[in-house]
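Chains, contacts and geometry: an overview
Listed here are the chains, written in short residue letters.
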Amino acid sequence: MRGKKNIVAIGVFMGCILFMGCNSIKVDYNKIKDVNSSSKLNEWSPITVGENGYYYAKRDDTAIYYWEKETGAPVKLCGKADCKHDTSDCNSYVGGLVPESVQYIKEQVFYLAENGDRGSKKMSLFEMDKDGENHEKIMDLYDIPEKNSSEPMSLIHRGYLYYALNEIDADSDQENSKVYKVKIEKNAKPELIYDGKGKLLCNFCAKDDWLYFSTLNTNGDMDFKGEVLGIHTDTNNNRTMYSYDGKEYVVSFVVTDDALLCSIMNKGIVKINLNDLATSSLYNKTEKYEDGLSLFYDGTYIYEDNSIQCQVEESYDHRRVFVRDQQGKLVDTIMLKGFSSMIFGGDSKFMFLDDIGKVTFYDKSQIGTGKNELITLDTMEKKQ
């Protein structure tokens, strides 16, 4: 039970960072208020899409890297002349950066960071120039407790930072979740927009006027209860998109142009119309499906990753990613035998995977060709 419950909550992690800013604040809400969260590949992605390349970080490193899409080799994000990139004075180093918080928006790179002394630490929002210069703290978000500290999911959407916290009550061991939003302006104050007592918040994404996430709580062995919620980004009104009670819980979901696709244990992929909430199956009646698939969507294809089931079975011999068109037709199956890394999304050109700090990519031009070649960015990085 504990293993499956922890697996369902994959993606709810964001750690602590220590960094001091400099220079004057440059963030401009009016510049980013109309920008959607598309530069962030999903809520736990350590890669964010820039204008001509990708910014990424590794879980075993404290540096931010930059990789140009076409010809450039990955480099540490530092514009200093003669910098050896091996001390805290280097612009690329941010002292324990957790990769999942990095997001590029209009020539600026944003990230969450821990700052302050032990016992009085705060989680804060920082930004820097796209070349790694001028790190600056925008605002403090919340105090970090010494015990039972939460790791937030976060994304920036239309000029606001949205972040979610899962907390465990020290006395009752009850799980509680909260979602906040805050306008990206100097010293703005976060606003609580969802308070889920007894619920664990799992998936987290935004599209157009809505923020979407799923909740989960347990009433016993494999007896789940939860829902997928939408919160309107202007009014904060919420809408239940899908609810469940029993063993058919939501493992993962993605939002397409007109539907919510939910990977539901013991039920497969359910398609929910965003307008009238009508439900249908993504598959035809005769097609077999696998349970516990993690979903990703890039505007063209739907990707179904069976890494969760492989983790439960403690074997990656049957690891694969199913590629479908928007009507649910199977286009390709990417075989990843023995590969334990988790997929964390992608854009129109690449699918990205993470192997304990080793960022790997799959070129989507291989779809339908039978090729499954993977390249680790570590092997391409310039020696600095």
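So, here is what we can say about the structure in this document. (Residues numbered from 1 in each chain as written. Predicted model: local features only at pLDDT ≥ 70, side-chain atom pairs only at ≥ 80, totals over all residues. Heavy atoms only, no water.)

**Concerning the nonpolar core**
Core analysis: the largest hydrophobic core is formed by 21 residues, its most contacted members being V228, Y242, Y244, Y249, F253, L260 and C262. Residue assignment for this core shows that the elements contributing at least two residues are β14 (210-218), β15 (224-232), β16 (238-246), β17 (250-255), β18 (259-264) and β19 (268-273). With residues up to four places along the chain from it excluded, the contact list for Y244 reads T215, L216, F224, K225, G226, E227, Y249 and V250. F110, M139, L141 and L161 belong to the second largest nonpolar core, which has 18 residues in total. (Core = buried A, V, L, I, M, F, W, Y, C linked by side-chain atoms within 4.5 Å. Buried < 20%, exposed > 50% of the residue type's maximum accessible area, 1.4 Å probe, protein only. Helix = DSSP H or I, 4+ residues; strand = E, 2+ residues; numbered from the N terminus. Contact = heavy atoms within 4.5 Å.)

**Observations concerning the pattern of salt bridges**
Pairing between side chains of opposite charge can happen when their charged atoms approach one another. If you walk through the whole model with that rule in mind, you get 13 salt bridges. Between K130 and E107 there is a salt bridge, with the nearest N and O atoms lying 3.8 Å from each other. Of the two residues, K130 is situated in the loop between β7 (122-129) and β8 (136-143) and E107 in the loop between β5 (103-105) and β6 (108-115); the sequence distance between them amounts to 23 residues. Residue K130 is classed as partly exposed on the basis of its relative accessible area, which comes to 36%. (Salt bridge = Lys/Arg side-chain N within 4 Å of Asp/Glu carboxyl O.)

**Structural notes on the environment of L374**
Residue position: L374 is located in strand β28 (residues 374-376). In sequence terms L374 and F352 are 22 residues apart; their C-alpha atoms lie 9.6 Å from each other. Not counting residues up to four positions away in its chain, the partners in contact with L374 are L336, F339, L353, T360, F361 and Y362.

**Considering the sheet that holds strand β24 (residues 330-335)**
Here we have four strands laid out as an open sheet, ordered β21-β22-β23-β24, and antiparallel in their pairing. The sheet is open, and its two borders are formed by β21 (294-297) and β24, each paired with just one other strand. Sheet twist, expressed as the mean angle between neighbouring strand axes with direction ignored, is 20°. Two strands pair when backbone bridges link them, and β21 and strand β22 (residues 302-305) are joined in this way by four bridges, in the antiparallel orientation. In the sheet register, F296 faces β22, and the bridge partner there is Y303. (Pairing = 2+ DSSP bridges. Axes fitted to C-alpha atoms, helices over the stretch in contact; angles between N-to-C directions.)

**Points about the side chain of Q366**
By the element assignment, Q366 lies in the loop between β27 (358-363) and β28. A relative accessible area of 8% means that Q366 is categorised as buried. Leave out the neighbours within four places in its chain, and Q366 touches D332, K371, N372 and E373.

**Observations regarding the pairing of strand β9 (residues 153-157)**
Side-chain positions along a regular strand alternate between the two faces of the sheet. The buried fraction of β9 amounts to five of the five residues, a majority that puts the element mostly inside the structure. Every second residue of β9 is oriented toward a common face, with M153, L155 and H157 on one face and S154 and I156 on the other, all of them buried. Of the pairings in the sheet, the one linking β9 to strand β10 (residues 160-168) comprises five bridges and is antiparallel in character. Within the sheet, the bridge partner assigned to M153 lies in β10 and is A164.

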